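An overview of the molecular structure
Spelled out, the chains give:
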Amino acid sequence: MDLDDLHIFRAVVRQGGVTRAASLLNRVPSNVTTRIKQFEERLGVALFRREGRTLTLTEAGRTLLGHAEKLLQLADLAERELRGGGVRGVLRLGSLESAAGARLPPILSAYHARHPDVTIELQTGTTRAMLRQLERHEVEAAFVSEPFERGTLSAMPAFDEELVLITAKNTAKNTTKRADEGEATRTVVAFPHGCSYRQRLFEWLAAEGRSPERILEMSSYHAIVACVAAGTGAAIVPAEVLDHAVLSHAVARHALPASLRLNRTHLVWSGEASPALRSLMALVPRVGERESVAASG
């Protein structure tokens, strides 16, 4: 299998189309289109579904993408070892917004100082979104939160987060203790479906015999804290994130039950870790021993 074909195929997938891939590869679009068609003919399968100007990976395309990533990584590794160079290339990471904003900056700063030839591409989202990107090989590794389905993924504990319930400051302090005093949790402000913290909040409320009447979905912690401060409802956030939030002084913190208070973030990846990823793992302040916690959904 020609590595150049794999490189072109991966570029089309990553760039979301032929035109942007051609620009990245310094080729004309017609050349990229021809190479993809020839590649499909040689393999005997369609790699993309063509719907107008949109290209979507087929099942065969998704399978090939996983192999392509591994083969191209091995080719890069072989070249680096033969040249005697250090760690270089692109490391594509996924992360929860909480980890990206509060935990990763010092780690990524240290990483850049040690490995200036590595470009880090960081994407943020919910745990479910990050696991989906891992499955599609859109990221090499991701920081995700319990609970999650581990499956065949490798994982190492990374951070322990203390979770707190926040409400507007005029909310009674004992809202977490009795169902008939749960006025603040009638409206929950949270990330969209797929957020582990949201899942844990709903499970706790269900155990207390409560369920939110309204759910307001937000895409950032800044927006969540601002809505809670305005009296919209209640939310669960990591204390570390709240400490750095602009409106942290405008909300009241409430301790959560011991079973809910601590939540672990893991670094997960599929297959063999690349040299760039192994170098990052060495900088992560691990919690406990690797593989000591089995994450389950």
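It should be emphasised that the depicted structure is a prediction, and the values quoted were computed from it without experimental measurement. (Residues numbered from 1 in each chain as written. Predicted model: local features only at pLDDT ≥ 70, side-chain atom pairs only at ≥ 80, totals over all residues. Heavy atoms only, no water.)

This part takes up the layout of surface pockets. Over the atoms, a rolling probe the size of a water molecule traces out where space has been left empty. There is about 1000 Å³ of room inside the largest pocket. Along its surface, the largest pocket is lined by 38 residues, and Arg-10, Arg-14, Glu-69, Arg-92 and His-137 are the ones closest to its centre. At the level of secondary structure, the elements contributing two or more residues to the lining of the largest pocket comprise helix H1 (3-15), helix H2 (18-25), strand E2 (54-57), helix H4 (59-83), strand E3 (89-95), strand E4 (118-124) and helix H11 (275-281). No other element matches the 9 residues that H4 contributes to the lining of the largest pocket. Considering only residue class, the lining of the largest pocket consists of 14 nonpolar, 10 polar and 14 charged. Estimates place the volume of the second largest pocket at around 340 Å³. As for the second largest pocket, its lining consists of 18 residues, of which Glu-69, Lys-70, Gln-73, Ser-270 and Glu-272 are closest to the centre. When residues of the lining of the second largest pocket are traced back to their parent elements, those giving at least two are H4 and H11. Among the elements that make up the lining of the second largest pocket, the one with the highest residue count is H4 (6 residues). Within the lining of the second largest pocket, the residues separate by chemical class into 6 nonpolar, 6 polar and 6 charged. (1 Å grid on protein atoms, 1.4 Å probe; cavity = no way out; pocket = protein on both sides within 12 Å on 5 of 7 lines; lining within 4 Å. Points joined across faces, edges and corners; volume = space filled by probe spheres on them. Helix = DSSP H or I, 4+ residues; strand = E, 2+ residues; numbered from the N terminus. Nonpolar A, V, L, I, M, F, W, Y, C, P; charged D, E, K, R; others polar.)

With 4 bridges connecting them, strand E7 (residues 187-190) and strand E8 (residues 214-217) associate as parallel partners. Along E8, the bridge assignment pairs Thr-187 with Arg-214. Between the parallel pair E7 and E8, the chain is carried across by helix H7 (residues 196-207), and the sense of this crossover is right-handed. (Pairing = 2+ DSSP bridges. Right-handed = clockwise from strand over helix to strand, strands pointing away.)

A surface patch of nonpolar side chains, about 520 Å² in accessible area, is lined by Met-1, Leu-3, Leu-43, Val-45, Leu-71 and Leu-74. The topology assignment puts Val-45 in the loop between helix H3 (29-43) and strand E1 (48-51). (Patch = residues over 30% accessible without salt bridge, like charges linked within 9 Å, V, L, I, M, F, W, Y side chains within 5 Å. Areas by Shrake-Rupley, 256 points an atom, 1.4 Å probe, with all protein chains shown as cover. Salt bridge = Lys/Arg side-chain N within 4 Å of Asp/Glu carboxyl O.)

Here Met-1 lies in the segment before H1. Look at Met-1 and you get exposed, because its relative accessible area is 61%. In the structure, Met-1 is positioned 38 residues away from Phe-39 in sequence and 9.5 Å away in space, judged by C-alpha atoms. In contact with Met-1, other than residues within four places in its own chain, are Leu-6, Phe-39, Leu-43 and Leu-64. (Buried < 20%, exposed > 50% of the residue type's maximum accessible area, 1.4 Å probe, protein only. Contact = heavy atoms within 4.5 Å.)

Moving on to empty space enclosed by the protein. Tallying each qualifying case throughout the model produces 1 cavity of 30 Å³ or more. Approximately 70 Å³ is the volume found for the largest cavity. What lines the largest cavity is simply Val-189, Ala-190, Phe-191, Cys-195, Tyr-197, Arg-198, Leu-201, Tyr-221, Ile-224 and Ile-236. Taken together, the elements giving at least two residues each to the lining of the largest cavity come down to E7, H7 and helix H8 (221-229). Among the elements that take part in the lining of the largest cavity, H7 stands out by supplying 3 residues, more than any other. Of the residues contributing to the lining of the largest cavity, the split by class is 9 nonpolar, no polar and 1 charged.

Counting residues in each nonpolar core, the largest one holds 32 residues, and the members touching the most others are Ile-166, Ile-224, Ile-236 and Leu-242. Every element with two or more residues in this core is listed here: strand E6 (154-168), E7, H7, H8, strand E9 (235-238) and helix H9 (239-244). Element by element, the count of residues in this core is highest for H8, at 5 residues. Formed by 23 residues, the second largest nonpolar core is a distinct cluster that contains Leu-108, Ala-158, Leu-280 and Leu-283. (Core = buried A, V, L, I, M, F, W, Y, C linked by side-chain atoms within 4.5 Å.)

Moving on, we come to the packing of H1 against H2. The description of two packed helices rests on the angle between their axes and on the distance between the axes. Two numbers describe how H1 lies on H2: the axes approach to 8 Å, and their chain directions differ by 125 degrees. In terms of their interaxial angle, H1 and H2 are classed as oblique. Seen from above, H1 lies across H2 with right-handed handedness. Here His-7, Ile-8, Ala-11, Val-12 and Gln-15 of H1 lie close against H2, whose contacting residues are Val-18, Arg-20, Ala-21, Leu-24 and Leu-25. Classifying every residue of the contact of H1 with H2 gives 7 nonpolar, 2 polar and 1 charged. (Axes fitted to C-alpha atoms, helices over the stretch in contact; angles between N-to-C directions. Parallel < 35°, antiparallel > 145°, perpendicular 65-115°, else oblique. Left-handed = near helix turned anticlockwise from the far one by under 90°.)

Its 18 residues place the ends of helix H5 (residues 97-114) 24 Å apart at the C-alpha level, agreeing with the 26 Å of an ideal helix rising 1.5 Å per residue. The largest bend in H5 is about 65 degrees, located at Leu-104, with the proline Pro-105 one to four residues further on. (Expected span 1.5 Å × (residues − 1). Bend = angle between axes of the 7 residues up to and from the residue.)

Here we take up the packing of aromatic side chains. The full count for this structure, using the stated rule, is 3 aromatic pairs. Relative to Phe-48, the ring of Phe-9 has its centre 5.6 Å away and its plane inclined at 55 degrees; by these criteria the two rings are tilted. On the criterion of sequence distance, the pair formed by Phe-9 in helix H1 and Phe-48 in strand E1 is long-range, its members being 39 residues apart. The same class applies to Phe-9 as to Phe-48, namely buried. (Phe/Tyr/Trp six-rings, centres within 6.5 Å; stacked < 30°, edge-to-face > 60°.)

Bear in mind that shape data such as this cannot, by itself, settle questions of function.
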